[in-house]
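Architecture and fold: a report
Here is how the chains run, residue by residue.
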Amino acid sequence: MEFTLGQLAALLGGKAEGDENQKVNRLDKIQEGKPGGISFLANEKYEHFLYDTECTAVIVSEGFSPSKPFKTTLIRVKDAYLGFTKLLEAYAEFTKAMLVGVEEPSFIHSSSSIGDNCYRGAFSYIGKKCRIGNNVKIHPQAYIGDNVKMGDNCIIHAGVKICADTQIGNNCEIFPGAVIGADGFGFAPQPDGSYKAIPQIGNVVLEDNVSIGSNTTVDCATMGSTIIRKGAKIDNQVQIAHNVVIGENTVIAAQSGISGSTEIGKNCIIAGKAGIVGHLKIADNTTIGANTGVSKSIKKPGETLLGYMAMDMKDFLKSYALFKNLDELEKRVKELEKKG
Amino acid sequence: MEFTLGQLAALLGGKAEGDENQKVNRLDKIQEGKPGGISFLANEKYEHFLYDTECTAVIVSEGFSPSKPFKTTLIRVKDAYLGFTKLLEAYAEFTKAMLVGVEEPSFIHSSSSIGDNCYRGAFSYIGKKCRIGNNVKIHPQAYIGDNVKMGDNCIIHAGVKICADTQIGNNCEIFPGAVIGADGFGFAPQPDGSYKAIPQIGNVVLEDNVSIGSNTTVDCATMGSTIIRKGAKIDNQVQIAHNVVIGENTVIAAQSGISGSTEIGKNCIIAGKAGIVGHLKIADNTTIGANTGVSKSIKKPGETLLGYMAMDMKDFLKSYALFKNLDELEKRVKELEKKG
Amino acid sequence: MEFTLGQLAALLGGKAEGDENQKVNRLDKIQEGKPGGISFLANEKYEHFLYDTECTAVIVSEGFSPSKPFKTTLIRVKDAYLGFTKLLEAYAEFTKAMLVGVEEPSFIHSSSSIGDNCYRGAFSYIGKKCRIGNNVKIHPQAYIGDNVKMGDNCIIHAGVKICADTQIGNNCEIFPGAVIGADGFGFAPQPDGSYKAIPQIGNVVLEDNVSIGSNTTVDCATMGSTIIRKGAKIDNQVQIAHNVVIGENTVIAAQSGISGSTEIGKNCIIAGKAGIVGHLKIADNTTIGANTGVSKSIKKPGETLLGYMAMDMKDFLKSYALFKNLDELEKRVKELEKKG
C-alpha cells in the first residue's frame, strides 16, 4: 500500500515539512533507508544518519533542529518514537483488516461456523462442530480439529495445528508450526517392561491476548485443562506439558520447557532454555534466568533464580566465580597441607 | 457420542444404581463435573467431591459406602480406577474406529496402496510406491514421501512429515508436526572454509508400538538406518540424529537431543532436555536426569546419572550442595591461611 | 532407477571387473549389502565384510588386492571413497533434476512468478508478488508468503513455512517444518503489567548456500533484516531470534538458540544445545561446546569455550574435574581445621 506524506502526517497529528504528495510504501531503518521508505529519528546518537539517508521521509520530534543539510522530507510530530510506533501499529492493523475471504481449496466441516470479516487460507482445515468468532485470520495450511471454540480477532498462522476441544479466547496469535492440544506424554509401565498409552482426554484453554511462538507445543491435559492465562506470551520452541497452568501476563522465552502439572504464577519472566520439573508451584513475579533448572517449588514471590539447579541469582554468581578458579582454591589447600 | 448409564455399566461389568436411561457424552474430573459427564472416585482423599459434583454419573468401587447424600448416580464396579481406565480406552478405540474414509482434496500417487478401514484427511499427501496397512489414520496435511512402508493401526497426526524410504511398524503413533527421515546434519569441510553437504541416503526405521511426540525430529541415516526399536516412547521436540539407535521400551522426555551414531540401550529413561553426544553406547536400564549432558559411553547397566557433565546422581548432588556454598568453603580456607 | 555396472564404471572413470551388464538400483552399507546394491571398501578395517557381502558390486581403490575369494563384482577406481562420494552426489543431483512439474491442487497467486525446471508439490502455497528462480523444488504443503524473493536451485521441503518478505539466495535447502521469518518475540510492558506486541516489520535474508534444519525457527527482524550469511549450515530445532546475524560458513548444531541482535562471526562452530544471550558479538572462528551458555561477547577469534557460563574449555574441564570431587576438597579442609 502507498500513502502520501500528507496522509501520514494527518494520521500522526503532525506536519510534513516539504511536498505532501510524495508517496511511501515501506518502513525503513534510517541507516538503510531507500526512496519510497519512511523512517524515524528519536535518539540523537543516530542523528548523523539523517544527513545521508535516502528515505523519502523521516519522522522527527517537535524540538529537533537539524545541524546540516539533508535530502529527506521531515514529518514533525510531538514524539518521534511514539509517532513511529503508532504508524507501525496502524500498518499492522490495516494489513490484518485487509485479509478477508476464502482461498480455495480449503476445508470447513458443515457443522462448524465462522464469523464475519474472517480469512481462511488455501489448504486450511476446520473440523466438526467448531465455533469461530469474527475477524479471525486462519492462514494457509492451518489445522483446526473438531469442537474447537475460538473468540474474535485471533490470528492463526500458516501450518499451526490446533487439536480437538481446544478453547481459545479473543485476540490470540499463534505463530507458524505451533501445536496446541496434542496428547501429553503419559504412559503406564506394564509388567513386561513395555508402556501403554494413557488416553489424554482433557484439552487446552488459551485465555484472551495469549501469544504462542513458532513450533511451540502445548499438550492437552490428561483430564481437565492445560491453561494459559490471559496476556501470557510464549516464545518459539517452548514445550508446555499436560495440565500445566501459566499465569496471567507471564512471559516465557524460547526453548524453555515446563513439565506436567506445574503451575506458574502471574507476571513471571522465564528466560530462554529454562526447564521446570513437574508438579511444582512457582510464585507470582518470579524471574528465572536463562538455562536455569528448577526442581523445587518457589513459594516467595519476586525472587530471581539462576543455575543448573536453581539458586538465588547472586548466590549462584558468587559460587560460579569461585568455580571458575577452583584450581586456585585447591592449590591454597595444598599449600596449607604442606605447611601443616 | 452419547451412551446410557445402562450401556456403560454393561461395558464395565458393573451396575448403575439409579436411572439406567440417563445419558452421558463426556468424561469429567469429579471436581469439575457437569451434567452429561461421567467421572470416577478411586481415592478416598477425593470423596468429598462426590457430595458436590454435578456429574450425571460417578464410577465407584464395590466396597465404597457413601457417608453423606449426593445427587449423582453411582455405577458400581469391581475397581473404580480400572473401570474408568477401561472406559477411557474404549472411548479412544471407538473414536479411532469411527474415523474412516477420505476427505477431499487429498493426494495419493497411483503407484501407492493403502489398506482397509483407513482415513486420509484433507490435504494429506502420499507419494510414490508407498505400502500402507489397515486401520491407518492419516490426518489432514500429513505428508508421506515416496517409498514409505507402514504397518497396521498407525495414527499419523496432522502435519506430520514422513520422508522417503521410512519404514514404520504396527501400532505406531506420530504426533503433529513431527519430522521423520529428513536429512541428517552431515557436511564435509572444504579447503576454502565452506562446507559441502554429504548426501544422506539411509532411512529411518520405527519398529512396532513406537510413539513420536509433536515437533520431534528423527533424521535419516547417512547410510543404513536410524532405528527406534519397538515400544520406545519419544516425547515432544526431541532431536534424534542420523544413525542413532534407540532401544526397546526406552522413554525419552521432551527437548532431549541424541547426537549422531549413538546407541541407547533398552528400558532406559531419559528425562527432559538431556543431551547425549555422538558415537556413544548407553547401557540398558540407564536413567539420565533432566538437563544432563552425557559425553562418555555408559557401560554398566542400571546407573542413574545427573549433571552438566553426567556423573552418578548421588555424587552430583553431593558436589552441587557444596557448590551452592562454595564461598563458605573459601572462607574456611582463608581462615586457615590467617592462622597459618 | 537402475544402472548397469558399465554405466557406473564410466561415470567414475574406473573399470568393472566382471559382468558389466549387471544392474544395481541402490547404495548399500557393505556389511548390510543385498543383491541389487552397490557399496564401497575404503578402509582396510572393513575388508572382511567384502568376503561375505551380498552386494552386486563394491567400489575399491586401485591398489587393493583381495586376500580371499568373494562373490561380488569389483569396480576399481582411483580412490574408492571419493568414487563412492561422487556416486552419491550424482545420485542426489539426478533425483533432484527428475523432480519437475506441478502437482494439483497447489496454489500460486497470479502476481507471482517462478522459473524453469521447477517443482511445486500438492498443497504448496505461494502468496502474492513472489519472484522464484529456476530449478527450485517446492515440496508438498510448503508455504511461501507474500513478496518472497528466491534464487535458483533451492529445495524447500515439505511443510516449510517461509513468511512474507523473506529473501533467499541460490542453492539454499530448507528442511521440513522449518519456519523462516515469523515475528520475533517483542513485547512492550504496559503500566498494568500486561504486554503489547511490537510490530515486527523486518525480514529474514538467507544468502547463497545456506542450509536450515527441520523444525528450526528463524525470526524476522523488528526492523531491517535477520541475516544468515552464505554457506552457513544450521541444524534441526535451532532458534534464531530477531536481528541476529550468522556469519559466513558458520555451523550451528541442533537445539542451539541465539537470542536477539547477537552477531556471530564467520567460520564458527556451535555445538548442540548451546545458548547465546542477546546483543553480543562472537568473534570469527569461535568454537562453542555443547550445552554452553554464552553471556558475554567473545572478542578474540579462535577461542574454544565450554560451560554453563562459557569459559575457556581447558579451564572449565579443570574446574569440573575438581567439582566432581568437591567433597574430597572439603574433607581436606576439615582435616586441616582439626589439626589447626
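Residues numbered from 1 in each chain as written. Chains lettered and ligands numbered in written order. Predicted model: local features only at pLDDT ≥ 70, side-chain atom pairs only at ≥ 80, totals over all residues. Heavy atoms only, no water.

1. Remarks on the interface of chain B and chain C
Across the boundary between the two partners, chain B contributes 56 residues, which contact 61 residues of chain C. For the pair chain B and chain C, the two sides together bury roughly 4500 Å², of which 65% comes from carbon and sulfur. Between the two partners, chain B and chain C, sit four salt bridges. Arginine 332 of chain B is the salt-bridge partner of glutamate 337 of chain C, the closest N and O atoms lying 2.8 Å from each other. Along the contact surface separating chain B from chain C lie 24 residue pairs in polar contact (both at pLDDT 80 or more). Elements with a minimum of two residues in the side of chain B that touches chain C: strand S21 (179-182), strand S23 (195-197), strand S26 (217-219), helix H4 (313-324) and helix H5 (326-339) of chain B. For the side of chain B that touches chain C, the leading source of residues is H4 of chain B, giving six residues. When its residues are assigned to classes, the side of chain B that touches chain C shows 28 nonpolar, 20 polar and eight charged. (Contact = heavy atoms within 4.5 Å. Buried area = accessible area lost by both parts, 1.4 Å probe. Salt bridge = Lys/Arg side-chain N within 4 Å of Asp/Glu carboxyl O. Polar contact = N/O pair within 3.5 Å; in protein donor to acceptor, adjacent residues only side chain to side chain. Helix = DSSP H or I, 4+ residues; strand = E, 2+ residues; numbered from the N terminus. Nonpolar A, V, L, I, M, F, W, Y, C, P; charged D, E, K, R; others polar.)

2. A closer look at the relation of the copies chain C and chain A
Note on the copies: chain C fits chain A at an RMSD of 0.1 Å, the axial shift is 0.1 Å, and the rotation between them is 120°. Such a turn and shift between the copies fits a three-fold axis. (Least-squares fit on C-alpha atoms with pLDDT ≥ 70 in both.)

3. Observations concerning the UniProt feature "domain: Mannose-1-phosphate guanyltransferase C-terminal" (unreviewed entry) in chain A
Feature annotation in UniProt places "domain: Mannose-1-phosphate guanyltransferase C-terminal" (unreviewed entry) on residues 103-183 of chain A, given in this structure's numbering. Summarising residues 103-183 of chain A: 0% helix, 35% strand, and an end-to-end C-alpha distance of 30 Å. (UniProt positions renumbered as here; feature names shortened; annotations may be inferred.)

4. As for the sheet that holds strand S6 (residues 57-61) of chain C
Residues and elements named next belong to chain C. Reading across from one edge, S2-S7-S6-S5-S4 is the order of the five strands in this open sheet, with mixed pairing throughout. Of all the strands in the sheet, just strand S2 (15-17) and strand S4 (26-27) have a single pairing partner and so form its edges. Of the strand pairs in this sheet, strand S5 (residues 37-40) and S6 are connected by three bridges, and their pairing is parallel. Looking across to S6, one finds that phenylalanine 40 is bridged to isoleucine 59. (Pairing = 2+ DSSP bridges.)

5. Some points on the pattern of salt bridges
The final tally for this structure, using the stated rule, is 27 salt bridges over all chains. For the salt bridge of lysine 318 of chain C with aspartate 327 of chain A, the shortest nitrogen-to-oxygen distance reads 3.9 Å. Separated into two different chains, lysine 318 of chain C in helix H4 (residues 313-324) and aspartate 327 of chain A in helix H5 (residues 326-339) make up a pair that spans both. One salt-bridge network, in which partners are shared between bridges, spans Glu330, Lys334 and Glu337 of chain A together with Arg332 of chain C.

6. What about the packing of aromatic side chains?
Following the criterion strictly, the structure yields 42 aromatic pairs over all chains and no others. Pairing phenylalanine 123 of chain B with phenylalanine 123 of chain C gives two aromatic rings, centres 5.7 Å apart and planes at 75°, and the pair type is edge-to-face. Placement of the pair is phenylalanine 123 of chain B in the loop between strand S11 (119-120) and strand S12 (125-126) and phenylalanine 123 of chain C in the loop between strand S11 (119-120) and strand S12 (125-126), with the two residues belonging to separate chains. Of the two residues examined, phenylalanine 123 of chain B and phenylalanine 123 of chain C, each falls in the buried class. Residues phenylalanine 40 of chain C and tyrosine 81 of chain C carry aromatic rings whose centres are separated by 5.9 Å and whose planes lie at 55° to one another, so their mutual orientation is tilted. With phenylalanine 40 of chain C in strand S5 and tyrosine 81 of chain C in helix H3 (residues 80-98), this residue pair connects regions lying 41 residues apart in the sequence. We classify phenylalanine 40 of chain C as buried; its relative accessible area is 18%. The exposure class of tyrosine 81 of chain C is partly exposed, given its relative accessible area of 45%. Through successive ring pairs, a cluster of aromatic residues spans Tyr308, Phe316, Tyr320 and Phe323 of chain A, Tyr308, Phe316, Tyr320 and Phe323 of chain B together with Tyr308, Phe316, Tyr320 and Phe323 of chain C. (Phe/Tyr/Trp six-rings, centres within 6.5 Å; stacked < 30°, edge-to-face > 60°. Buried < 20%, exposed > 50% of the residue type's maximum accessible area, 1.4 Å probe, protein only.)

7. Side note on the interface of chain C and chain A
Listed as interface residues are 56 residues of chain C and, on the opposing side, 61 residues of chain A. Here chain C is connected to chain A by four salt bridges. Between chain C and chain A we count 25 residue pairs in polar contact (both at pLDDT 80 or more) in total. Listed by contribution, the elements that provide at least two residues to the side of chain C that touches chain A are strand S21 (179-182), strand S23 (195-197), strand S26 (217-219), H4 and helix H5 (326-339) of chain C.

8. What to know about the sheet that holds strand S34 (residues 269-270) of chain A
All names here are of chain A. Spatial strand order, S8-S11-S14-S17-S20-S25-S28-S31-S34-S37-S39-S40: twelve strands in an open sheet with mixed pairing. With partners counted over all chains shown, the strands left at the sheet margins are strand S8 (101-102) and strand S40 (311-312), one partner each. Here two bridges tie strand S14 (residues 137-138) to strand S17 (residues 155-156), and the two strands are oriented parallel to one another. In the strand pairing of S17, isoleucine 138 is matched with isoleucine 156.

9. Overview of the domain arrangement of chain A
Domain annotation of chain A identifies domain 1 (3-98), domain 2 (177-197 + 206-305) and domain 3 (314-340). Inter-centroid distance (C-alpha atoms) of domain 1 of chain A to domain 3 of chain A is 57 Å. (Domains from an automatic or database assignment.)

10. Description of the side chain of serine 106 of chain A
Tracing the sequence through the fold places serine 106 of chain A in the loop between S8 and strand S9 (107-108). Within the local environment of serine 106 of chain A, its side chain forms a polar contact with the side chain of arginine 120 of chain A, the two groups lying 3.2 Å apart. Serine 106 of chain A has contacts with Arg120, Gly121, Phe123 and Ser124 of chain A together with Phe123 of chain B, leaving out every residue within four places of it along the chain.

11. What about a positive patch on the surface?
Residues and elements named next belong to chain A. On the surface, Lys128, Lys129, Arg131 and Lys149 cluster together into a patch of positive charge. Following the sequence through the fold, arginine 131 ends up in strand S13 (residues 131-132). Residue classification places arginine 131 among the partly exposed residues on the basis of a relative accessible area of 41%. (Patch = residues over 30% accessible without salt bridge, like charges linked within 9 Å, V, L, I, M, F, W, Y side chains within 5 Å. Areas by Shrake-Rupley, 256 points an atom, 1.4 Å probe, with all protein chains shown as cover. Lys, Arg positive; Asp, Glu negative; His and termini not counted. Charge placed at Lys NZ, Arg CZ, Asp CG, Glu CD.)

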